[in-house]
Amino acid sequence: MQTDFEQFNQWVTDRLGVQLAAYKESQMQRRILTIMENSGAKNLKEYQRLLEKDAVAREAFLTHITINVTEFYRNKELFDAFEKTLLTKIVPQFHLPKIWSAACSIGAEPYTIAMILEKNRLATPTVLATDIDQQILAKAKEGVYRKSELRNVPSGELASYFDVTEKNAYQIKPELKRKVHFKKHDLLKDPYEKNNHVIVCRNVTIYFKSDARDEVYQKFSDALVPGGILFTGATETINFSEKFGLKKIDSFIYQKV
């Protein structure tokens, strides 16, 4: 007999297209209960009925369950290592590297990558940035950020790539914004574009169950060209990376063999 959470998860998968069963149960259940209680619903069945009839509630639910904690140059020392790897291993080997920022959330990571490319005067196609959440993608496309989200950005880059708005927020300059293309994509069910030279996906797979996480890593490996790199988050060491056709070349950076 299915539990209330199992029934709710199945309904979300069937009706909203999000595979909640792939996420770690305790973390996801806490997130669901929080937004359910905030909506005024007394139980999951009542909350499901609300989501069925209320489009605003559905959008709020999808935004809440998607993990969107991020900032520019998150873990700055790791981005320094990524930049060095990009300059020493990718650019000399691939003239126009194809770069994908997966599960990009509000856009901090793909714009960070674009800044690295720009300051090093690197020619590259547009950075592809994807996420499952349309509402979050809309915010990413807007490119407006609070100062707290930019705390790791050097002052010179802040002046070069952002304009201060009337509300004392920071707007990505149009010339940098044009270097990033945003697109909806679900890591758990959508096909992956092939022949990437760089894939950046950070602080996302930690929320997946081990089977789903390993499947994503294998798909990332398959989506890379030999010699391409995968850059993960500071809590996402890939154990036995060789089983995915990857080798560790720096902290949280793996190369397709």
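Please refer to the structure placed before this passage.
Draft legend 1. Broad picture of the sheet that holds strand S4 (residues 162–164). Across the sheet, which stays open at both edges, the 3 strands sit in the order S3-S5-S4 with antiparallel pairing between neighbours. Two strands bound the open sheet, and with one partner strand each, they are strand S3 (144–145) and S4. In this structure, S3 lies alongside strand S5 (residues 170–172), joined through 2 bridges in antiparallel fashion. Residue pairing in the sheet places Tyr145 in a bridge with Tyr170 of S5.

Draft legend 2. The arrangement of the pattern of salt bridges in detail. Applying the stated criterion across every chain, the model contains 14 salt bridges. Residues Lys119 and Glu157 are paired through a salt bridge, measuring 3.0 Å at the closest nitrogen-oxygen approach. Here the residue Lys119 occupies a position in helix H6 (residues 108–119), and Glu157 occupies one in helix H8 (residues 155–161), the gap between them amounting to 38 residues. We classify Lys119 as partly exposed; its relative accessible area is 30%. Residue class for Glu157 comes out buried when judged on its relative accessible area of 10%. Salt-bridge contacts for Lys243 lead to Asp214; the nearest nitrogen and oxygen are separated by 3.6 Å. Taken together, the residues Lys243 in the loop between strand S8 (224–231) and strand S9 (246–250) and Asp214 in helix H10 (residues 210–223) connect sequence positions 29 residues apart. Among the charged side chains, a network of salt bridges with common partners joins Glu83, Lys119 and Glu157.

Draft legend 3. A look at the sheet that holds strand S6 (residues 180–184). Pairing is mixed in the open sheet, where 7 strands are placed in the order S6-S2-S1-S7-S8-S10-S9. Taken across any chain shown, the strands that pair with only one partner, and hence form the sheet edges, are S6 and S9. Across the sheet, the mean angle from the axis of one strand to that of its neighbour is 25 degrees, orientation sign disregarded. Sheet strands in contact with helix H5 (residues 76–90) are strand S7 (196–200), S8, S9 and strand S10 (253–256), and its direction is about 165 degrees off that of S8.

Draft legend 4. The packing of helix H3 (residues 44–53) against helix H4 (residues 55–65), seen in detail. Axis separation between H3 and H4 bottoms out at 5 Å; the angle between their running directions is 115 degrees. It follows that H3 is roughly perpendicular to H4 by the angle criterion. Between H3 and H4 lies a crossing whose hand is left-handed. Listed contacts from H4 to Tyr47, Leu50, Leu51, Glu52 and Lys53 of H3 are Ala55, Ala57, Arg58 and Phe61. Across the contact of H3 with H4, the residue classes tally to 6 nonpolar, no polar and 3 charged.

Draft legend 5. Spotlight on the packing of aromatic side chains. In total, this model carries 16 aromatic pairs according to the counting rule given. Aromatic side chains Phe72 and Tyr145 sit 4.9 Å apart centroid to centroid with 85 degrees between the ring planes, which places their arrangement in the edge-to-face category. Linking Phe72 in the loop between H4 and H5 with Tyr145 in strand S3, this pair joins segments that are 73 residues apart in sequence. Ring plane angle 80 degrees and centroid distance 5.7 Å describe the contact between Tyr73 and Phe79, whose orientation is recorded as edge-to-face.

Draft legend 6. Representation of helix H2 (residues 25–39) in the model. Between the first and last C-alpha of H2 there are 21 Å, a value that for 15 residues agrees with the 21 Å anticipated at 1.5 Å per step. Every buried residue belonging to H2 is among Met28, Ile32, Ile35 and Met36, and all of these are buried. Around the axis of H2, the buried residues are gathered within 105 degrees of arc, so they sit on the same side. Exposed side chains of H2 directed beyond 90 degrees from the buried face belong to Arg30, Glu37 and Asn38. Contact partners of the buried residues in H2: helix H1 (4–16), H3 and H4. Of the residues trailing H2, Gly40 is marked for its positive phi of about 95 degrees.

Rules used throughout
- Numbers given for residues are sequential positions, taken from 1 along each chain in its written order.
- Side-chain atom pairs in this predicted model are given and counted only at pLDDT of 80 or more, local residue features only at pLDDT of at least 70, and totals for whole chains, interfaces and linings cover all residues.
- Heavy atoms throughout the structure, all of them, feed into the side-chain values; hydrogens and water do not.
- Two strands pair under a simple rule: DSSP has to find at least two bridges between them.
- Here a helix means four or more residues in a row that DSSP labels H or I, a strand means two or more in a row labelled E, and each is numbered from the N terminus.
- The term salt bridge refers to a side-chain nitrogen of Lys or Arg lying within 4 Å of a carboxyl oxygen of Asp or Glu.
- A simple rule labels every residue: compare its accessible area, found with a 1.4 Å probe on the protein chains alone, to the largest value its type can have, and call it buried under 20%, exposed over 50%, or partly exposed in between.
- Each axis is a line fitted through C-alpha atoms, and for a helix only the stretch in contact is used; angles between axes span 0 to 180 degrees, taken between their N-to-C directions.
- The contact criterion used throughout is that any non-hydrogen atoms of two residues lie within 4.5 Å.
- Oblique is the label for any angle not under 35 degrees, not over 145, and not in the 65 to 115 range, which are roughly parallel, roughly antiparallel and roughly perpendicular in turn.
- Throughout, a crossing is termed right-handed when the near helix is turned clockwise from the far one, and left-handed when it is turned anticlockwise from it by less than a right angle.
- Charged means Asp, Glu, Lys or Arg here, nonpolar means Ala, Val, Leu, Ile, Met, Phe, Trp, Tyr, Cys or Pro, and polar covers whatever is left, Gly included.
- Two rings from Phe, Tyr or Trp (for Trp, the six-membered ring) form a pair when their centres sit within 6.5 Å of each other. Planes less than 30 degrees apart are called stacked, planes more than 60 degrees apart edge-to-face, and all others tilted.
- By definition here, a helix of n residues has an expected span of 1.5 Å times n minus one.
- Each C-beta atom gives one direction from the helix axis, and the arc is the one those directions make.

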